[in-house]
Amino acid sequence: MPKSFQKVSVVGLGYIGLPTAAVIASKGVSVLGVDVQPHVIETLNAGDIHIVEPDLAGVLRAAVQQGYFRASLQPEPADVFLIAVPTPFKGDHEPDVSFVEAAARSIAPYLQKGSLVILESTSPVGTTEKMVTWLAQARPDLSFPVPGGAPADVAVAYCPERVLPGRVLHELVANDRVIGGMTSACAERAIDFYRLFVDGQCLATAARTAEMAKLTENAFRDVNIAFANELSLICDRLDINVWELIKLANHHPRVNVLQPGPGVGGHCIAVDPWFIVHSAPEQAQLIATARRVNDGKPHAVMDKIRQALGAGGVGRSIAFLGLAFKPDIDDLRESPALEIALHMAQEHVGPVYVAEPHINALPASLKALGHVRLVTAQDAISAADVVVLLVNHSQFKEVDPGTLQGKALIDTRGLWS
């Protein structure tokens, strides 16, 4: 491997940072993972993982046993610093890049001439430039790159993740990467690094363009999902089976309507389009409308549940199948399924049953209500009067249709339609 990439520090050991760190370590590179949560550090150094991702446990355990990976609460000197921390929004969908700032300031004391800093967190346009400003403030003894400027002591680039939960280890290696440098030299330096473990193409561009590319990818998907979700609302009004409609429409050779659902969740599609809207509110009309359509879909589902329960819902029980934001994962971030279950459990005084095969305990918000139980899908269906399918987990596809007889069924995924 190139001498300049002998040690890598990955800051943020969540759903993206940890798999990335494990993959890099699997290539025989010394990797230090940094996180602010002590239990995460303890878990990883013991060779275990704190998230669900196929095959990750084995890769991480091997890297720990072979001495290529360890975790720490504090950064250390490294050749490459890769930042993969959350970028949520606050208030009225205002981007919150405070985690990026905190990460940048935490690594600043350990930078030296020749260091490479890469931001992977999905970020509003201009965040990489802000990161350079924070680093420069903390290290006035070093020079940092500016677009079109002279060579600097530290190279800085932006490279967004583009992986699918459940296929992260494969896609980290196989997918093409968009790599935006603060300068063209920064981009080339970052490309040299990613070629250590990426088989896909490494496409060089400017940092701002790379930031917008990631937001564009997720906004494109959000708009298409919103079309499907809006169709489902229209079909409800016109008494048309939306699943049959979409199946028929998709027989057109140039039409590929997506499947509707209870909303849009996760840390990307439900969040990233708002970064575009915040940056260009007057221009991002379609993107903003799509976000409102998708954010409003859970309320339409809840109206169906209220109708199924009847006046007051007295003496009736509800089963919610699935809490994750997509099938076959444990990730509840921005999940419309969780939003629906929580709101209805707060509103409904009768028994509430939740079946989520990928978690071992109820989220604190549901547990605190006192009348919500985490059970198997079979037990939830058996006990409930109203059954609400929110996530099309593979396990739910095996449900015996006979167990649904006599139940009020709300199928938001078309699994049984």
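This text gives an overview of the structure that appears in the document.

Cut-offs used in this document
Residues numbered from 1 in each chain as written. Predicted model: local features only at pLDDT ≥ 70, side-chain atom pairs only at ≥ 80, totals over all residues. Heavy atoms only, no water. Pairing = 2+ DSSP bridges. Helix = DSSP H or I, 4+ residues; strand = E, 2+ residues; numbered from the N terminus. Axes fitted to C-alpha atoms, helices over the stretch in contact; angles between N-to-C directions. Expected span 1.5 Å × (residues − 1). Contact = heavy atoms within 4.5 Å. Buried < 20%, exposed > 50% of the residue type's maximum accessible area, 1.4 Å probe, protein only. Salt bridge = Lys/Arg side-chain N within 4 Å of Asp/Glu carboxyl O. Core = buried A, V, L, I, M, F, W, Y, C linked by side-chain atoms within 4.5 Å. Right-handed = clockwise from strand over helix to strand, strands pointing away.

## Structural notes on the sheet that holds strand β12 (residues 352-355)
No. 1: Pairing is parallel in the open sheet, where five strands are placed in the order β13-β12-β11-β14-β15. The open sheet terminates on both sides in strands that have one partner only, identified here as β13 (372-374) and β15 (408-411). Each strand axis lies, on average, 15° off the axis of its neighbour in the sheet, ignoring direction.
No. 2: When strand β14 (residues 386-389) meets β15, the two strands line up parallel, connected through four bridges. Bridge assignment links Val387 to a residue of β15, and that residue is Leu409.

## Regarding helix α5 (residues 127-138)
No. 1: With 12 residues, α5 should cover 16 Å at 1.5 Å per step; its first-to-last C-alpha distance of 17 Å lies within 8% of that length.
No. 2: The inward-facing, buried residues of α5 contact β4 (80-83), α4 (98-107), β7 (116-119), β8 (155-158) and α8 (207-238).

## Overview of helix α12 (residues 336-347)
No. 1: For α12, with 12 residues, the first-to-last C-alpha span of 16 Å sits near the 16 Å given by 1.5 Å per residue.
No. 2: Along α12, the positions that sit buried rather than exposed are Pro336, Ala337, Leu338, Ile340, Ala341, Leu342, Met344 and Ala345.
No. 3: Those residues of α12 hidden inside the fold are in contact with α11 (285-309), β11 (318-321), β12, α13 (364-367) and β13.

## Some details on the pattern of salt bridges
No. 1: Evaluated as defined, the whole model comprises 15 salt bridges.
No. 2: Residue Arg105 pairs with Glu101 through a salt bridge whose shortest N-O separation is 3.1 Å. Residue Arg105 and its partner Glu101 are both found in helix α4; the two are separated by four residues, about one turn of the helix.
No. 3: Glu161 is the partner of Lys214 in a salt bridge, and the nearest nitrogen-oxygen pair spans 2.9 Å. Taken as a pair, Lys214 in helix α8 and Glu161 in the loop between β8 and α6 (168-174) lie far apart in primary sequence, 53 residues in all. Each member of the pair Lys214 and Glu161 is classed as buried.
No. 4: Several salt bridges converge on common partners, so that one network encompasses Lys7, Arg70 and Glu76.

## Focus: the nonpolar core
No. 1: Counting residues in each nonpolar core, the largest one holds 74 residues, and the members touching the most others are Phe69, Ile83, Val117, Met131, Leu135, Phe193 and Tyr194.
No. 2: Sort the elements by how many residues they give to this core and helix α1 (residues 17-26) lands first, with six residues.
No. 3: In this view, Val117 contacts Phe81, Ile83, Ile107, Leu111, Met131, Leu135, Val154, Ala155, Val156 and Ala157; residues no more than four positions away in its chain are not counted.
No. 4: Met302, Leu309, Ile340 and Val372 belong to the second largest nonpolar core, which has 25 residues in total.

## Describing the sheet that holds β4
No. 1: Taken in spatial order, the eight strands of this open sheet run β3-β2-β1-β4-β7-β8-β9-β10, and their pairing is mixed. The strands lining the two open edges of the sheet, one partner per strand, are β3 (69-72) and β10 (202-206). Direction aside, the axes of adjacent strands within the sheet are offset by 25° on average.
No. 2: Pairing of β8 with strand β9 (residues 177-181), which is carried by two bridges, proceeds in the antiparallel orientation. Counted as the bridge partner of Tyr158 is Gly180 from β9.
No. 3: With respect to the sheet, helix α7 (residues 184-194) is in contact with β1 (7-11), β4, β7, β8, β9 and β10, its orientation differing from that of β9 by roughly 145°.

## Observations regarding the pairing of β1
No. 1: Most of β1 is tucked away, with four of its five residues classed as buried.
No. 2: Relative to strand β2 (residues 30-34), β1 is paired through five bridges, and the arrangement is parallel. Within β2, the residue paired with Val10 across the bridge is Gly33.
No. 3: In this view, the connection linking β1 to its parallel neighbour β2 by way of α1 has right-handed handedness.

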